[in-house]
Amino acid sequence: MNWIALILSLSLLVATHELGHLLFAKLFHTRVRRYYIFFNYKFSIFKAKKFDGKWHFLWFNATTPDSWDEKNLRPEDQDNTLWGLGWIPLGGYCDIAGMIDETKDAEDLEAEPQPWEYRTKPAWQRLCIISGGVLVNFITALFLYGAIFAHWGEDRLPMHNATYGFQYEQVMLDEGFCHGDIITSIDDSLVDDYTEANKMLLLGDARQVTVRRGDTSFTLALSGHLAERVSREHVKYLMMPRTPFVVKSFVAGSPAERAGMLPGDSVVSIDGQALNVFQDILPVLAEKAGNTVMVGFYRHGTLDSLPVTITDNGKLGVQCENDLAVLFPNLVNHIDYTLWEAIPAGISHGWETLVTYISGLKMLFAPGGVQNLGGFGAMAGLFPDHWDWHAFWNLTALLALILAFMNIIPIPGLDGGHILFTLWEIVTRKKPSDKFLTYAQNIGMFLLLALMILANGNDIWRWLSGKF
C-alpha cells in the first residue's frame with residue numbers, strides 16, 4: 001500500500017511540476033510538443049492529441065503515426081501538445097520547442113530559430129518558463145497544508161499530557177534516557193512540543209536536557225555525538241509518544257477477529273502480564289509468535305479476555321488506532337481552522353517545514369552522512385502500510401517541498417541549472433552557446449544518474465541488511 005501511495009503521490013507532483021512549465025510556456029506563446037507523466041522509453045501507455053477538430057488517442061503504443069507530427073498538421077493544429085503517460089515511474093518531462101533539456105540537445109534544434117521557440121524568447125520569459133515547475137510545486141505544498149488544516153484541523157499533544165511518556169530510539173537510550181521519560185527543557189529553554197523537541201535535539205546542537213521520570217526531575221548532559229549517530233545509524237525518529245494498544249480495524253484473516261475481538265478493544269495484558277502500552281506489547285507478541293495466548297482487554301469499560309493464536313510473524317492481525325485525539329481524549333489540543341485561517345497557517349507551516357528540511361541537510365555532511373541518502377524505497381517507507389488520507393496528503397505536501405527545493409539546486413539537468421544560466425545571461429547580457437548548454441546538460445544528467453544510483457543503492461543495501 002505504501003508503494004501505491006508513493007506512485008500516486010509522485011504522479012500528482014510530476015503532473016503539477018510539468019504543468020507549471022507548460023502554463024508559462026503557453027502564456028508566452030511557446031510551443032510545447034509533448035507533456036509526459038513518467039518516461040516513455042520505446043513505449044507509451046497512453047497518448048492523446050487534438051487535431052482536425054477532434055481528439056485522437058493511442059493506447060499501449062510504441063510509435064507515433066506520421067499523421068500526428070506537427071509538420072503534417074494544419075497550421076492551426078501545429079501548436080497543440082501531445083499528452084502522454086509513460087511506463088517508467090521515475091519522473092516526467094515537458095518537451096518545449098527550442099530548449100536544450102533531457103529530451104534533446106543542440107543538434108536536435110532546427111537550424112533556423114522560430115518565433116514560437118523557447119530560445120527566441122526574452123531571457124525574463126525563459127526564466128519564468130523554467131521556474132514554473134518549482135513555483136507550482138511550492139504553491140501545491142502550501143495549498144495542501146492549508147487544505148489539511150481546513151479539513152482536519154490540527155492536533156497537538158503537549159509533552160506534559162503524554163500519559164505514558166515517550167518511547168526513545170537506542171541513540172537516546174545511550175544518552176541516558178529511559179522509555180517513559182518526558183523532556184521539559186532543552187538547554188534551559190522550556191519545550192512542550194515533541195516535534196519541536198526532535199528538531200532542537202537534531203539540529204540545535206543541544207548540550208543538556210531536563211527530563212521528568214516519574215515524580216523526579218533531573219538534567220542529562222548529552223555527549224555531543226547525537227547528530228553523528230543519527231546520521232550513521234539511519235535513525236528515523238528520536239522520540240514518539242507511548243500510546244495504548246487500541247484496535248482500529250482488522251487485516252484479512254486476522255486471528256484476533258476470528259477470536260472475537262472488536263474495534264475499540266484496548267489491550268491491557270498478554271497471558272496475565274500487565275501491558276497497556278503499544279510499544280511494550282509488540283516485543284511480547286514477537287516472543288510468542290505461533291502460540292496461543294490470553295489477550296486481556298477493556299471493552300466499553302469492562303475487562304475481558306480471549307485466547308488468540310499469534311501469527312508466525314508475531315502479530316494479532318490488527319491495525320491499531322493512531323489518532324492521538326482518540327487515544328488521549330481531553331489531553332490533545334485540537335485546533336479547528338476556518339478557510340481564511342487555514343491559508344496563513346498552511347503557508348507558515350510549509351515554510352517552517354522547508355526551513356527544517358534544509359537545515360537537516362547538514363547531516364549529509366556528517367561522517368557517513370552520504371549513507372543517509374535514500375531513493376524510492378526510502379520515500380515509500382514514509383507512507384503508512386495502510387491507506388490514510390491525512391498521511392497521504394501531508395506526505396505529498398512534504399514531497400512537493402522537497403521536489404521544489406531539489407529542482408532549484410543549480411545543477412545542469414535540473415531546473416536550477418537552467419535558472420542559473422538564464423540569470424547569468426540577464427546579468428552579463430551574454431547568452432551561453434548551445435554547445436556549452438549541451439555539454440553542461442550531459443554532465444548534469446550524468447551526475448544526477450550517479451546520485452540516483454547511489455540513493456537507490458543505499459535503499460537496496462538497507463533492505464538486504466534488514467535496516468529498512
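About the thresholds
- Residues numbered from 1 in each chain as written.
- Predicted model: local features only at pLDDT ≥ 70, side-chain atom pairs only at ≥ 80, totals over all residues.
- Heavy atoms only, no water.
- 1 Å grid on protein atoms, 1.4 Å probe; cavity = no way out; pocket = protein on both sides within 12 Å on 5 of 7 lines; lining within 4 Å.
- Points joined across faces, edges and corners; volume = space filled by probe spheres on them.
- Helix = DSSP H or I, 4+ residues; strand = E, 2+ residues; numbered from the N terminus.
- Axes fitted to C-alpha atoms, helices over the stretch in contact; angles between N-to-C directions.
- Parallel < 35°, antiparallel > 145°, perpendicular 65-115°, else oblique.
- Left-handed = near helix turned anticlockwise from the far one by under 90°.
- Contact = heavy atoms within 4.5 Å.
- Nonpolar A, V, L, I, M, F, W, Y, C, P; charged D, E, K, R; others polar.
- Patch = residues over 30% accessible without salt bridge, like charges linked within 9 Å, V, L, I, M, F, W, Y side chains within 5 Å.
- Areas by Shrake-Rupley, 256 points an atom, 1.4 Å probe, with all protein chains shown as cover.
- Salt bridge = Lys/Arg side-chain N within 4 Å of Asp/Glu carboxyl O.
- Buried < 20%, exposed > 50% of the residue type's maximum accessible area, 1.4 Å probe, protein only.
- Pairing = 2+ DSSP bridges.
- Core = buried A, V, L, I, M, F, W, Y, C linked by side-chain atoms within 4.5 Å.

## Notes on empty space enclosed by the protein
All chains considered together, the criterion is met by 3 cavities of 30 Å³ or more. Each pocket or cavity is described by its volume, and for the largest cavity that value is around 190 Å³. Considering the residues around the largest cavity, the lining is formed by 15 residues, among which Tyr118, Arg126, His418, Lys431 and Leu437 are closest to the centre. Breaking the lining of the largest cavity down by element, the ones donating at least two residues are helix H12 (415–428) and helix H13 (434–464).

## Concerning the packing of helix H1 (residues 2–27) against helix H11 (residues 389–408)
At a minimum axis separation of 10 Å, H1 and H11 run at an interaxial angle of 45°. With respect to each other, H1 and H11 are oriented oblique. Of the two possible hands of crossing, H1 and H11 adopt the one that is right-handed. Across the interface between the two elements, Ala5, Leu6, Leu8, Ser9, Leu10, Leu12, Leu13 and His17 from H1 touch Phe392, Trp393, Thr396, Leu399, Ala400, Leu403 and Asn407 from H11. Residue classes in the contact of H1 with H11 are distributed as 11 nonpolar, 4 polar and no charged.

## Thoughts on a nonpolar patch on the surface
A grouping of Met1, Ile4, Leu8, Leu12, Trp152, Trp387 and Trp389 is seen on the molecular surface, where their side chains present a nonpolar patch of about 650 Å² in accessible area. Looking at the nonpolar patch, the element that brings in the most residues is H1, giving 3 residues. The residue Met1 is located in the segment before H1 in this model. Exposure remark for Met1: the relative accessible area of 44% places this residue in the partly exposed category.

## Topic: the pairing of strand S10 (residues 208–213)
In terms of strand pairing, strand S8 (residues 182–186) meets S10 through 4 bridges, oriented antiparallel. Bridged to Ser185 within S10 is Thr210. Relative to strand S11 (residues 216–221), S10 runs antiparallel, the two being bridged by 6 bridges. Looking across to S11, one finds that Arg212 is bridged to Ser217. The hairpin turn running from S10 into S11, its antiparallel successor, is 2 residues long, and Gly214 in that turn takes a positive phi close to 65°.

## Brief notes about the nonpolar core
Of all hydrophobic cores here, the largest spans 31 residues; its most connected members are Met159, Phe177, Ile183, Leu201, Leu238 and Met239. Of all the elements in the fold, those that place two or more residues in this core are strand S7 (166–168), helix H3 (170–173), S8, helix H4 (194–203), S10, helix H5 (226–233) and helix H8 (324–327). No other element matches the 4 residues that H4 contributes to this core. Setting aside its immediate chain neighbours within four residues, Leu201 contacts Met172, Ile183, Ile186, Ala206, Val209, Leu222, Leu226, Leu238 and Met239. Core analysis: the second largest hydrophobic core is formed by 20 residues, Val267, Val284, Val295 and Leu316 among them.

Function-wise, these values are silent; they only describe arrangement.
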